Structure formats: C-alpha cells, structure tokens
Amino acid sequence: MEQRKRHKIYLRCTLLALLCWFSALAQQTVRGTLRNTNGSPLVGATVTVKGTNRSAVTDTLGQFSIDAAVGSTLTVSSVGFTPREFTVTGAELNETLSPDAASLNEVVVIGYQTVRRRDLTGATAVINPAAANRNVSNTVAEAIQGLAPGVTVRNTGAPGGGAKIDIRGAGTFAGNNPLYIIDGMYSDATPDFNPQDVESIQVLKDASAAAIYGSRAANGVIIITTKRGRTGPLQVNGSIKAGVQSVHNRYDMMDVNEYRDLATRLYQAAGQAIPTSLSSEFDPSINTDWQDEFLRTGAIGEYNLGISGSIAKRVNFYVSGNHFNNKGPVIDNSFRRNAFRINTDTKIGRFTIGQNLLLSWTKEDPIAAGGVGVNPFVDMIAMPPVVALQGSRYQSAENPGGWGLGLNNAYLSTLTANVPALQRLDQYEQKNFKIRGNAYLDFRIIEGLTYRFNFGLEKSRDRGTGTRFPGTVRQGTPSPNNNQLATFRNTGDFQSTLFENTVNYERSFGDHRVSAVVGISNQYFDQPTNSFSTIGGQVQPENPYTNLWNIIGLLGRVNYNYKDKYLTSLTFRRDGSSLFSEGNRWGNFPSASVAWRVSKEDFWNSNTVSDLKLRVSYGSLGNSEFLRPWRYYAQINPFPRAVFGPGEVEQVGGIVTQLANNNLRWERKNTTNFGADAAFLNNRITLSADYFIAETKDVLVDLPINLTTGNAGGNPAVNAASIRNNGFELALGYRSPASQNFRWDATLNFTSIRNKVIAFGDATTRYTQLGDARTELGRSIGEWYVLKTNGIFQSEAEVDAHRGKTGDLLQPFAKPGDIRYVDVNDDGKLDIDSDRYYAGSPWADFETGLQLNFGIKQFSIGMQWYAVVGNKLYNRPRFSVDRMDQNTNFRKGATFWTASNPSNEWPRAAIGAPDQGLQFNGLPQSDRWLESGSYLRLRNLEFAYTFTRDALKRIGFNNSRVFINGQNLLTFTKYSGLDPDIVGVNIFERGLDNGQYPALRIISAGVSFGF
C-alpha cells in the first residue's frame, strides 16, 4: 500500500514537471514596434499579455519585447489612442495605433477645464517639454525661449537667475510678468522648480483663453502640469547630465604694453603729467587680465530619478528627486537645488482624491552688490592692466588686504573697482526652503457633473547670511561699515493659501457637446520680512515689515460644440482685491470666442487642406501687479518733535511722508484676436496664425509730484496711461512621411509685435523719460532719445562750415577730430536736450524660432535656432572704455584722432583735459553708443543614440539614451557687447546693456534610462 502511494506521488510530480516543461516551450520573447498614423514611434504605450500581470512599455523608438506564448493575446493601449489586441504568432509585430475618436488631438489644459486641442477657440500655445528640457536652464521660462510664437524670453546666465518673459509684448509699466498655474495652484516657476517634472506646458495668450483667471491674466498665463502615475507596471526613469559652461564672448582688451602706449598719449594730449605707473615705475611683469581674474570655467551637474506606477491598481503615484548644481563662470558664484516631488491620486467610488507636492531646497551664492560706482561686468574690462590684483603698494588703513585699486597719487589714479576683491570681501549666501502643492477632492454627482474642492499652499522660508570684511575696492570710496567687520542676516517668509470650489459639467447630446464650469477662488498672501545686522560687534536695529493681501474671484465658463463644426466659449470672472480701497476692489472680466471649422462643411472638398478652422475672440483682463499693499493709505512719520506751547516743551507730532490715492482701480486690458488653424496633406503640415489688438487702459504708474506738497516718501500711484499692442504670430509644423530608417520634423514660429502709448491720463503730459530712453505719446515704450551724430570733423574748414540757419557756428568749441552733432530741431543752435531724436527702439521688429529634428535608425540630431531682428541696444560697457576721458583700459585697436592719424571712427580724446569739445565727444546721451541688437543663435544642438531593446535586455533596462548637447554654440551678430540677449534694466530701459550677466555657452553630456 505504501509503495502504491509513492508511485502515485511520483506520477503526479512527473506530469506536473512535463506540464511546466511544455508551458516553458510555448513561451517566447515577442518583439515589435508600434507607430501612430503619421509613422512616428509610439512612445510609452503599454503592452500586456491578456489575463496575466506581465506587461512592457515601448521605448523612444516605439519598440518593446515581452515573453508570451504562441496563441496568447497582447493588449496594446496608449493615452489618446484606440486600444488594440493582437494574437501572438511568433512573428515580430509592426503595428499602427489610430487616434481615439474621443481624442483626435491631445488634451489641453485651459484653466479649470480640459479640451481637445482641435476644439480651442482662443489663442493657446502648446509647448513640448522634451524640446524645452534639452536646454540646461534655471527656470521653465528660460527653457522655452524660441519655442512658441508670441512668447518673448530674455535670458541671463546668472546661476539661480530668472529669465524675463513677455507674452504678446508689454501691456503695463510694471514687471509685465505672466501668471503661472502649476497643477492648479497660482504660483511661479522660480528656480526652485524642477523643469524635468513637467508633463505639459500651455500658454494662454488672448483674453478668451485667459479670462477665467481674470485680474491676474493680463500679462498671459502659463499652465504647467507635472507628471503623474498611471495604472500599470512600475516604471523607473532617470537621467544624468554634466557639463562645463563659460562666457562665450569676451571683450578683446589691451595688454599692458598696448595700454601703456595709448594711455601715455592720452595724458600727453591733455597736457597732464604721466602717472609713474606708466613711466619711471612701469613694471612690465604686472599685466593683469581682469576678465581672467573675474571669470572662470563653470560646471553644471543635474541628476533626476522618477518612479511611477500604481498600488493595487487603485493608487497612482509619481515620485521624483532632483539635484542640480550650477557652478557659475564668475568666481564665488553658484546655485544649488535639491527637490523632491510626490504626486498621487486614487478613485474610491464616486470620489477621486489626489495631491501634488514639491519640497525644494536651494542655496545661492550671488555676485556681490558693490554699491555706488561699482558694476562688475563693466569694471572687469575697465580696470587698467598695470594694476596688480593685490600687492603691498596698495595697503592702507582703508585697504588692509592690499587689493589693487587707484591710489589718487602720481603713481596711479583710476575710479574703476577691483571686482575680484569685492567677490572675496563681500560674502553672502541665500538659502531657501519651499513647500508648494495642492490637494483636491473630486465628487461625481451624476454622470457628467463633478464637484471639486482644491486646496493649494505655497510656503517658503528665505534666510540670507553675509559677512563684509573690512576694505575698500575702489579709489575714493571708503571702506563700508566704518572699516569694521560687519555681518548681516535677512529673513523672509512667504505663504500663499488657496481655497477653490468648482463644479464641472460635460455631456454630449447627439451632435451637441456642452461643457461648463462655475466656481469661487480665494487666495491669501502673507509676507513678513526682517533684516538684522551687526557692525563691529554692535547690534543694529532690526527692520521688520509685513505685507498682507488677498484676492477673491467668482468664475464661470461655457463651451459649446456643434458637430465639431461650430464652437463657442463664453467666460466671466469677477475679482476683488484688498490692494484697492473698498470702493474700487471689484472688477468684472468677461470674454467670448467663436470658431468655425470650415473643413467640416459639406461644400468643402479638398484633398490638400485636411483641416481648416477660423477663430475670433474678444475679452477683458485685469492687472494689479504694479501695486503693493496699503498704497491707498497715506504714510505717516510718527517721530517728528517740536518745542512750542506755554511751557515750551517738546511735543510729539506726525507728518505725512507719502500722499495716498484712494481712487486706484484695476488696469484693464481689452484684447481682440483673429486666428486660423489649418492642416495639410493629412496633417503632415500644420499651420496656426493669429493677429491681435490689445489695449490696456488705466495703466498704473507712480506720479512724480513736487516735494513742496510734503510728499517725501515716494511718488503716489495713479491710473494714468493707456498702451496698445498689436501683433502677428505664426506657427508652422512639418512631419516627414513614415520611414523605418529615416525621419525628420520641423517647427517654425514667427512673432511681430508693436506697442504704442496712446494716453497718459493727463492732457499736459506728453512723455516720461528715464535715462536716455523716452516714452512718448504715440510712440513705443522706452525708445532711445539721444543726440544725433554726423561723423567727425576732419578740418577747421568743416568746423567752420557747420552752421545753423542763423549763420552762427553750431559747435564753436569744436576742433578737428571732434564729433559733429546735428541741429535736429533746426533752431540755429545746438542744445544737448532739445536736439535729441528717436534713434531706435529696444523692441524687435520680429522674432523667430526654428526647431529641426532628424532620426536615422538609433541616431538622432536635434537643433534649435532663434533670431531677434530690428532692435537697438545701448552698450554701456563700451561707453565706459571708448570715451577715453578717464584712466581705464581700452579695447584692442582703439585709438584717437590726431592730425597725423585722422579717423572717421575714433574722435579726438584726452584724459583729464578741461576741453568742451572733448567733453562733447564723450557725452553718454549720444547715438554713438547705440548698436544693432539683432542676432541669430544656434541655441541648442544635440546628438543622441538610443539603444535597442536587445542591447538593453541583459541589464534589465527598457530604454536608454546617451547624448551630447551644446547650448549657445554659435551667435551671429554685429553687437560688440558680451551678449545681445539682455534682460534690460526695467520696462522703460529694456534695451540698456548695463553690464548684465550674459547667456552662457554650455557643453554637456548625459544619459537617460528607464526600466
């Protein structure tokens, strides 16, 4: 009996082993490639063996491999495409997925709703995050330069610095900054935000698209959605990037021998004594290259890791970590970011609960702020090479470190600052910790009707600490803080809290599709700041201040679609802000748009034009960016004392130091937009064109008033101006036909915008001027208003012939070699104020961007070109060294006019001569210092190789890609400064290159991977 039992067990085990063996024989590795209907690889599609938990994800070439038995079924799915099933036959699969009928185009976020891209009725740009993330960028704004029409980005290379972004020109005299919406939270994509977390970017440009955000949408809206987890297998994706960066274009300055020769002749021309540093005490071994002392080769490193998937097919999650280190190309200048993100969502019956959370830590070591008379990027070229970086000759009580500077004596005199010394003496570090995110609850009331509660929070803590060591860095400037060691500490907290309740409705009724949203939004802001310092061990008084304000909004929008042929959208928002007085807090911001898909009409019969849609919209937006809290209250100084009265005792008083304006009201921007969207050759070619007219009324400005009014605390704000912008935008796209071995695509965008000031709110005001830029009624903001030059006098006869209509000499003080100025107003005399003219605009005639992508099997090449044409820049660094009336270094090849060496480029010059003709040659308010700001730049070039799945199978990876990337490799320009891509000083001096941090050339390499 026992033996019979053993035989049965043996037989069963044998049968089980045979079954497993046959099952193993039936399994095989199935390989395949998935594409869309355009022939492009379908990336991120999920392939699952039906009835099992076995699945795979397609790589960047659309390829996959999975173990499956012959005869089993593979289910293929991808967002936006119709799922398909295939039977395993043993052959390689090469299949195409068609767009889902419910999602013929990608879904676009438009604010509290999503719509198909093809159903847009407003002007909205969709930016590909993959193209943006090819660039090494501090911020999202910096990354999207040249990627969308109507979006102008001006960059800075400063580590941790933010780019300046304008959407459809300048519609205000304030910062003109767009509104950012990140995962439903009103925020800002500052350098603490990791661009690699971005899933999608939409830019809302006209009133119809942006009106749902009402009072904060006048400067455009950028909606950023971060990555999320999806049901399916666990996915791990990462990337590593490292590189070097540098200032790609330096000034070509004189060495010590060239400088000695020219400076000596300039002193001789003025009849001045030659400094002994150029004569008896000249030391040829001192040949300081101040650009080398101030600049260095910087480095960047970026590391990203993201994990996404689902838990029990119920909780989707995305978790990512990021480390970004930017060692700038300036000594003691760096930025570091560590970020952690977790996004989750889950469905429980009728409820959907989700959250998006970002934790970030940043550390910045900025360029030292040198105070009056110090500008690092000007001083690094202006300091003479005969000055040593450091030496005992320069030591004094005010300069214990012996840093090289002007001594105001027979040896050396120069007002240029030693900026490498400043970087070492002034040590400052800024640390920031930020929590930013939101949590939401969706409740499906009935089919098509959903309620959402959204809570958003942004909370940051800034801590700045610094030490200023004793020592001056500039002749004539005493060592700060009474030449004592000083420490500084600044604290700043910021909290923004958002509460929103919205109800969304979306249903289809036959040929009719309706969607709508209504809701209420309430956001509170709390911003306390404080500064604390010690000087020589003595504690200084603290300086606390707090800003408090809030905005509440009522919102609603209805979208209607009939047969995908006729579309309309109506939006209304009513906002109230505590920045205004009680009688002016509320503003209404409506908009409407309609679209007609002509290609859906029965009469349309074109095989070439596969889609054609015409759009028109009109709406109103608001802005209060200019204001700070409490501007409608007067400022009072409670400390005045006066002695009066019978006992002649000291009395406590109070005086108004800043007048108030309690009639402040919203800036209002009304925009009309005409647009067309078209597709050709079965969507192989796409086109989108827009023409817009935007007029901003009641523009807020600070009104200058006389001090006799008692207003000594700053000019009060008033609604005083109107600005009109009109422009044309074009976007073209092309994708090549499907091919196994070669593929390419191209995207071109074009923008041309004009702005004009049409009112100042005061009939007596015709213009406002800041520096050499004038903003005049009927003209653009901040045009250059300077003296007009007309060559150089070559002889006494030419000087004598230069007369006005009265017959008098226009420049009686001039000599041969001096600059000839034009009597612009033809009144017979030359006046440095009334004889100015408009010499150019800081606003470009047009901007354009081109993206090209090529793929040959596993190899790919991507490049981005960007061009700005038609603007004028004021080159302040060149003014500092080319005027040659002070002891600075000079550009290589510089000279000055003499009878024996005449020139049509370089006028007469001398250092320290009391000669009016020479003084006029160096006037700053002259078109001599204006240059073309046009440029064409190869903004990005990338070579990449994507490994095949077979090559990766041994190490268990699904995909991997290696790349080498060059940023700002080539720039074609006539501008002689460091970089024509400048941020500008302010909205009125947008084209002033005041010695700004240039965009950098970056060479990097890296690898991305997934498993």
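Criteria and thresholds
Residues numbered from 1 in each chain as written. Predicted model: local features only at pLDDT ≥ 70, side-chain atom pairs only at ≥ 80, totals over all residues. Heavy atoms only, no water. Pairing = 2+ DSSP bridges. Helix = DSSP H or I, 4+ residues; strand = E, 2+ residues; numbered from the N terminus. Axes fitted to C-alpha atoms, helices over the stretch in contact; angles between N-to-C directions. Patch = residues over 30% accessible without salt bridge, like charges linked within 9 Å, V, L, I, M, F, W, Y side chains within 5 Å. Areas by Shrake-Rupley, 256 points an atom, 1.4 Å probe, with all protein chains shown as cover. Salt bridge = Lys/Arg side-chain N within 4 Å of Asp/Glu carboxyl O. Buried < 20%, exposed > 50% of the residue type's maximum accessible area, 1.4 Å probe, protein only. Contact = heavy atoms within 4.5 Å. Polar contact = N/O pair within 3.5 Å; in protein donor to acceptor, adjacent residues only side chain to side chain. Expected span 1.5 Å × (residues − 1). Domains from an automatic or database assignment.

(A) How the structure looks around the sheet that holds strand 47 (residues 872-875). Spatial strand order, 48-47-51: three strands in an open sheet with mixed pairing. Looking at strand neighbours, the two that pair on one side only are strand 48 (930-932) and strand 51 (992-993), the edges of this open sheet. In this structure, strand 47 lies alongside strand 51, joined through two bridges in parallel fashion. Paired with Tyr874 across the bridge in strand 51 is Leu992.

(B) Local environment of the sheet that holds strand 6 (residues 84-87). If you walk across this open sheet you meet the four strands as 3-2-5-6, and the pairing is antiparallel. The strands lining the two open edges of the sheet, one partner per strand, are strand 3 (55-57) and strand 6. Each adjacent strand pair in this sheet contributes to an overall mean axis angle of 20 degrees, direction not counted. As judged from the four bridges shared by strand 5 (residues 73-77) and strand 6, these two strands associate in the antiparallel manner. Looking at strand 6, one finds that Thr73 is bridged to Thr87.

(C) Quick peek at a nonpolar patch on the surface. Taken together, Val594, Val616, Phe674, Tyr691, Ile693 and Phe728 make up a surface patch of nonpolar side chains, about 460 Å² in accessible area. Within the element layout of this structure, Ile693 appears in strand 36 (residues 685-702).

(D) Representation of the environment of Gly169 in the model. Relative to the helices and strands, Gly169 resides in the loop between strand 12 (164-167) and strand 13 (179-182). Given the relative accessible area of 11%, Gly169 is considered buried. It is 7.8 Å that separates the C-alpha atoms of Gly169 and Gly150, two residues lying 19 residues apart in sequence. With residues up to four places along the chain from it excluded, the contact list for Gly169 reads Asn176, Asn725 and Ile753.

(E) Seen up close, the pairing of strand 37 (residues 717-735). Note that strand 36 and strand 37 share 16 bridges and pair antiparallel. Bridge pairing links Thr696 to Ile723 in strand 37. Of the pairings in the sheet, the one linking strand 37 to strand 38 (residues 742-759) comprises 14 bridges and is antiparallel in character. Residue Ser722 lies in a different strand from strand 38, and its bridge partner there is Ala759.

(F) Geometry of the side chain of Ser72. The residue Ser72 is located in the loop between strand 4 (63-69) and strand 5 in this model. For Ser72, a relative accessible area of 17% corresponds to the buried category. A polar atom in the side chain of Ser72 sits 2.5 Å from the backbone oxygen of Ala69. Those residues in contact with Ser72 that lie beyond four places of it in its chain are Val49, Phe86, Thr87 and Val88.

(G) Up close: helix 5 (residues 256-270). An ideal rise of 1.5 Å per residue puts 21 Å on 15 residues; helix 5 measures up with 21 Å between its terminal C-alpha atoms. Here helix 5 has its buried residues at Val256, Tyr259, Leu262, Ala263, Thr264, Leu266, Tyr267 and Ala270. Looking one or two places after helix 5, you find Gly271, whose phi comes out positive at around 70 degrees.

(H) Up close: unusual backbone geometry. Even without being a glycine, Asp826 presents a positive backbone phi close to 55 degrees. Of note in the backbone geometry, Lys857 takes a positive phi value of approximately 50 degrees without being a glycine. Looking at the secondary structure, you find Lys857 in the loop between strand 45 (846-856) and strand 46 (859-869). Taking relative accessible area as the criterion, Lys857 reaches 48% and is therefore assigned partly exposed.

(I) Spotlight on the pairing of strand 13. Alternating residues of strand 13 divide into Leu179 and Ile181 and Tyr180 and Ile182, and every residue in both groups is buried. Pairing of strand 13 with strand 16 (residues 221-226), which is carried by four bridges, proceeds in the parallel orientation. What sits directly across from Leu179, in strand 16, is Val221. Direction of pairing for strand 13 relative to strand 14 (residues 185-187): antiparallel, over a ladder of three bridges. Along strand 14, the bridge assignment pairs Ile182 with Met185. The turn joining strand 13 and strand 14, which pair antiparallel and follow one another in sequence, is formed by two residues; a positive phi near 55 degrees is taken by Asp183.

(J) Local environment of the domain arrangement of the chain. Partitioning the chain into domains gives domain 1 (2-101) and domain 2 (103-253 + 289-383 + 418-788 + 835-883 + 924-1011). For domain 1 versus domain 2, the separation of C-alpha centres amounts to 46 Å.

(K) The arrangement of the pattern of salt bridges in detail. As enumerated under the stated definition, the model contains 49 salt bridges in all. Here Lys892 and Glu258 are joined by a salt bridge, their closest N and O atoms 2.7 Å apart. Of the two residues, Lys892 is situated in the loop between helix 11 (876-882) and helix 12 (916-921) and Glu258 in helix 5; the sequence distance between them amounts to 634 residues. The class of Lys892 is partly exposed, set by a relative accessible area of 37%. Look at Glu258 and you get partly exposed, because its relative accessible area is 30%. Residue Arg754 pairs with Asp845 through a salt bridge whose shortest N-O separation is 3.8 Å. Note that Arg754 is positioned in strand 38 and Asp845 in the loop between strand 44 (836-840) and strand 45, a separation of 91 residues in sequence. Under the relative-accessibility criterion, Arg754 is labelled partly exposed at 39%. Each of Arg154, Lys164, Asp166 and Arg990 takes part in one network of salt bridges that share partners.

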